[in-house]
Each structure stands twice: as C-alpha cells, then as structure tokens.
Amino acid sequence: RSRTSTGAQSSSLPDLAKWPNISQKHISLISIGVLEMLSGLDTLDLFSIPVTESFPDMKKAYLRKIKRPMDFRTIEEDELQMYEEISELQEDLIQVFRNCVEYNSPQDKFGKSAISLWEQLNEVFEKVCKEEKVKIRWSR
C-alpha cells in the first residue's frame, strides 16, 4: 500500500495510506461501522464525547492549545452527513488522535492510547468494509 501523508507532524506519529474512495452510498454505513469498532477499542473511553464535556475544568486550557477539537460523537452527529469521500472520515479520526497526542504527550497513557487507535485505523476500515461487503482498492 502506498503511503501518503495524512498530516503527521512527527516521525513518532503514524503515517497512514489514505483511504481509497468507496461509493458515496456506502459512506454513512462504513463510517458508522468504523466509529462503532473504534469505540469498542477505546478502552479508556477517551474519544466518545468532546474533551470539554468530559473534563470541563480544563476547557479553557484545552481550547487554547487545540484549534480543531474532534471526537466520535461530533463526527457522527455533525460531520458524517457532509462527507463526500470516506477519506474525510479518516482525516477527522486522525484529528481526534492528533489532538490527544498534542494536548497530552505521545508518552503518557492518553497519548499511547491515541497512537494505538491511530495505528489501527486502516485495519479497522478494511475490516468494516469486508463485513459490509464493500470492495476497496488501495492504490499501489
């Protein structure tokens, strides 16, 4: 699989191949499946709702440092219906995990959890597509 930059700013962060296009009629189905699978893998329950709701006492500090907050609920409720390509979901999910690493650190338990999920994104995408019988073709 070819590697394309998805905006990773550090060599310690995953650099994933961009998700290939799928039929627009499958975007919602695959997106929901990916979000559900990632939620199950998010054992610390870090990414399900906005950080500012989970930790209201750190809202000001968080928003000073993180310019584009993102979480699974925001993706499902606000972003999903606007996607024209499945790679937009991938970009938003990477934003979720990048924010966590940027706010915390790649070395603490939160950053490590974010990087672990980030590294599994393409595998999760492939698994959901296979389960839903949606064919994908990675560019070489």
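One structure accompanies this document, and this report is about it.

What counts, and at which threshold
- Residues numbered from 1 in each chain as written.
- Predicted model: local features only at pLDDT ≥ 70, side-chain atom pairs only at ≥ 80, totals over all residues.
- Heavy atoms only, no water.
- Helix = DSSP H or I, 4+ residues; strand = E, 2+ residues; numbered from the N terminus.
- Rg over C-alpha atoms; globule rule 2.2 N^0.38 Å.
- Buried < 20%, exposed > 50% of the residue type's maximum accessible area, 1.4 Å probe, protein only.
- Contact = heavy atoms within 4.5 Å.
- Areas by Shrake-Rupley, 256 points an atom, 1.4 Å probe, with all protein chains shown as cover.
- Lys, Arg positive; Asp, Glu negative; His and termini not counted.
- Charge placed at Lys NZ, Arg CZ, Asp CG, Glu CD.
- Phe/Tyr/Trp six-rings, centres within 6.5 Å; stacked < 30°, edge-to-face > 60°.
- Core = buried A, V, L, I, M, F, W, Y, C linked by side-chain atoms within 4.5 Å.
- Axes fitted to C-alpha atoms, helices over the stretch in contact; angles between N-to-C directions.
- Parallel < 35°, antiparallel > 145°, perpendicular 65-115°, else oblique.
- Left-handed = near helix turned anticlockwise from the far one by under 90°.

So, about the overall build of the protein. Within the protein one finds 6 helices and 0 strands. Since a compact globule built from 140 residues should have a radius of gyration of about 14 Å, the 15 Å found for the protein is in line with a globular shape. Seen through its principal axes, the protein has C-alpha atoms that stretch 45 × 30 × 25 Å. Looking at the protein as a whole, 41% of its 140 residues qualify as buried. At a minimum sequence separation of 6, the contacts of the protein that also span at least 24 residues come to 69%. Looking at the protein as shown, the accessible area adds up to about 8,200 Å², and 47% of this sits on carbon and sulfur atoms. Between the centroid of the 20 positive side chains of the protein and the centroid of its 23 negative side chains there is a distance of 5 Å.

It is worth spelling out the packing of aromatic side chains at this point. Throughout the structure, instances matching the rule amount to 6 aromatic pairs. These aromatic residues form a ring-pair network of at least three members: Trp-19, Phe-125 and Trp-138.

Among the nonpolar cores identified, the biggest contains 36 residues, and Trp-19, Ile-30, Val-34, Phe-47, Leu-93, Phe-97 and Leu-121 are the most heavily contacted of them. Listed by contribution, the elements that provide at least two residues to this core are helix 1 (27–41), helix 4 (72–79), helix 5 (87–103) and helix 6 (109–131). It is helix 6 that provides the largest number of residues to this core, a total of 9 residues. Apart from residues no more than four positions distant in its own chain, Val-34 is found in contact with Trp-19, Leu-89, Leu-93, Val-124, Phe-125 and Val-128.

So, about the environment of Ile-30. In this fold, Ile-30 is placed in helix 1. Along the chain, Ile-30 and Cys-129 lie 99 residues apart, while their C-alpha atoms are 6.5 Å from each other. Excluding its chain neighbours within four sequence positions, the residues that come into contact with Ile-30 are Ile-22, Ile-86, Phe-125, Val-128, Cys-129, Glu-132 and Val-134.

Turning our attention to the side chain of Thr-74. You can see Thr-74 is positioned in helix 4. According to the relative accessible area criterion, Thr-74 is buried, its value standing at 17%. Sequence-distant contacts of Thr-74, defined by excluding residues within four places in its chain, comprise Pro-50 and Glu-79.

Now for the packing of helix 1 against helix 4. Viewed as axis vectors pointing N to C, helix 1 and helix 4 meet at an angle of 165°, and their least axial separation amounts to 10 Å. Classified by the interaxial angle, the pair formed by helix 1 and helix 4 is roughly antiparallel. The handedness of the crossing between helix 1 and helix 4 is left-handed. The segment helix 1 lies against helix 4, with Ile-32, Leu-35, Leu-38 and Ser-39 engaging Phe-72, Ile-75 and Glu-76.

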